[in-house]
Amino acid sequence: MRLACIAVLPIVVHSAVLALDREPLKKFRLQAIVLADDDGSRAAAAAGFQIQRWVDYANEAWRLARFRFEFDPRRIVTLRHTRLNRMMGEEDGDWPEVRGIGDRIAARFPGRIVVFFRHGPGEEPTGRGFSWTDYNFIVMPGFEHSRVCGRQNIALLAHELGHYFGLVHTFDREFRTVQEAMRHYEAAGHELRTGAGNRLSDTPSTPHIQELQCTADQFVELGGELYLIPRWNLMSYYYHADPKRDLRQLSPQQSAWARRVAHLRQKGGGPLPSNRTAGQAIAFESLEIERQSGVWTEVQTMSHRGPENWTRGRHLFCRAAPKGSLTLLFPVKEGGRYRMAVYGTLAPDYGRTRFSVEGRVVGELDGWAPLITPSGRVGLKTVRLQAGTHRFRIDVLGKNAESNGYHFGLDCLEVSKL
Ligand SMILES: [Zn+2]
């Protein structure tokens, strides 16, 4: 029997506290919007003092990550809007449109994190919340309707803030019972057994097992290995049986990623970078490849999360070996100075790349991220080009210590005359 998750020791958290102690506090104001239907019925049941309790818990949960959330109950906005009051996220047929409405309303509160409290689509109020990085708000249920382990779910807002700041769940697999999980893990090979979880090395990749959600168990044995149950982790679905011991927090790597996403959100004024803004840029998959060494290309459809965040919903995936390189040819109609930029993809197994035009280095990109996400616009140096065909070369420089590979993803290339 092996211990699968030895990385999670109190000492890790302790040293991270010391490291993050020097980081500046990230302060955010929350803007609560309490929804009802157009006729005022089915109002979400979230009062100021209840929202304040959710915020207080979030401040405890995010304290080590050096985040602080401020909330003023006197500034709660109430809004009659049936479509928003019904929203459940990606399962809604009209989600892209509803998300757009939510984003437009959120834009009226610049610099604040907008949290919608809604009733849900059914007669009975929903207990679920959700959020993600490609829109600009958090969605929550009524306070008493969010229940877990037979009690009110006080950690829900803190958890959804995690998604808002780009954190995925600690697990990538769910089972109803230990039996079911055991059968799966015994049948699977070692690699499949350990699983990827959230791809951060300091959180356990333990699957979620519903039967254990509210118990006091600390380990579960699956396929001959012991898995630590991350009840302490805000992005797991495990809770402690004893509500007094149920303070859930973030690991050092989760904290670091959330801070990076927070920075990107603040810089971009909202959602994580998107390649939607690429405009007239040339799709990499349409460019002719002149040379490739240690790089294998393939057009990939970004069908999982938010394909609209990539141009035409796809990119050129480049499987790469260390020191691989790829040279593409791009056309220039008339001579002059050109502003250039790359729109790419970030992912858990992407490396660091360097870009050059006709042998001159114009920029670099660290492609690592714990989730697959568009890079947004990566500005390159301005170049002088003559009319004709030119070489755009990508070299793999290495990889971030967290990354599992050297690959890279290219969406499109901006070449605009100055
Ligand atoms: Zn979640």
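Preceding block: the structure.
Residues numbered from 1 in each chain as written. Predicted model: local features only at pLDDT ≥ 70, side-chain atom pairs only at ≥ 80, totals over all residues. Heavy atoms only, no water.

Draft legend 1. Main features of the overall build of the protein. On a plain count of helices and strands, the protein comes out with eight helices and 23 strands. Radius of gyration (C-alpha) of the protein: 23 Å, near the 22 Å computed for a compact globule of 418 residues. Dimensions of the protein along its principal axes, counting C-alpha atoms only, are 70 × 60 × 45 Å. When each of the 418 residues of the protein is scored for burial, the buried share is 53%. Taking the contacts inside the protein whose residues are at least 6 apart along the sequence as the reference set, 75% of them involve residues at least 24 apart. (Helix = DSSP H or I, 4+ residues; strand = E, 2+ residues; numbered from the N terminus. Rg over C-alpha atoms; globule rule 2.2 N^0.38 Å. Buried < 20%, exposed > 50% of the residue type's maximum accessible area, 1.4 Å probe, protein only. Contact = heavy atoms within 4.5 Å.)

Draft legend 2. Summary view of the coordination of the zinc ion. Within the protein, His 159 (NE2), His 163 (NE2) and His 169 (NE2) serve as the donor atoms for the zinc ion, at 2.1 Å. On the primary sequence, the residues serving as donors to the zinc ion are separated as H-x3-H-x5-H. (Donors = N, O, S within 2.8 Å, 3.2 Å for Na, K, Ca; no water.)

Draft legend 3. Highlighting the nonpolar core. Residues Trp 62, Phe 69, Phe 165, Phe 392 and Leu 410 are the most contacted members of the largest nonpolar core, which totals 90 residues. The biggest single contributor to this core is strand S16 (residues 314–332), with seven residues. With residues up to four places along the chain from it excluded, the contact list for Phe 392 reads Phe 284, Leu 326, Thr 327, Leu 328, Phe 330, Met 340, Val 342, Phe 355, Ser 356, Val 357, Leu 380 and Leu 413. By size, the runner-up hydrophobic cluster in this structure holds 11 residues, among which are Phe 175, Ala 181, Ile 209 and Ile 229. (Core = buried A, V, L, I, M, F, W, Y, C linked by side-chain atoms within 4.5 Å.)

Draft legend 4. Main features of the pattern of salt bridges. Taken as a whole and judged by the stated rule, the model has 17 salt bridges. When the shortest N-O distance is used, the salt bridge between Glu 91 and Arg 128 registers 3.3 Å. With a gap of 37 residues between them, Glu 91 in the loop between helix H3 (82–85) and helix H4 (95–106) and Arg 128 in the loop between strand S5 (112–117) and strand S6 (130–131) connect regions that are remote in the sequence. We classify Glu 91 as exposed; its relative accessible area is 54%. Residue classification places Arg 128 among the partly exposed residues on the basis of a relative accessible area of 42%. Taking the shortest distance from any N to any O, the salt bridge between Arg 151 and Asp 246 comes out at 2.8 Å. With Arg 151 in strand S9 (residues 151–152) and Asp 246 in the loop between strand S13 (225–228) and helix H8 (252–268), the pair connects residues that are 95 residues apart, well separated along the chain. (Salt bridge = Lys/Arg side-chain N within 4 Å of Asp/Glu carboxyl O.)

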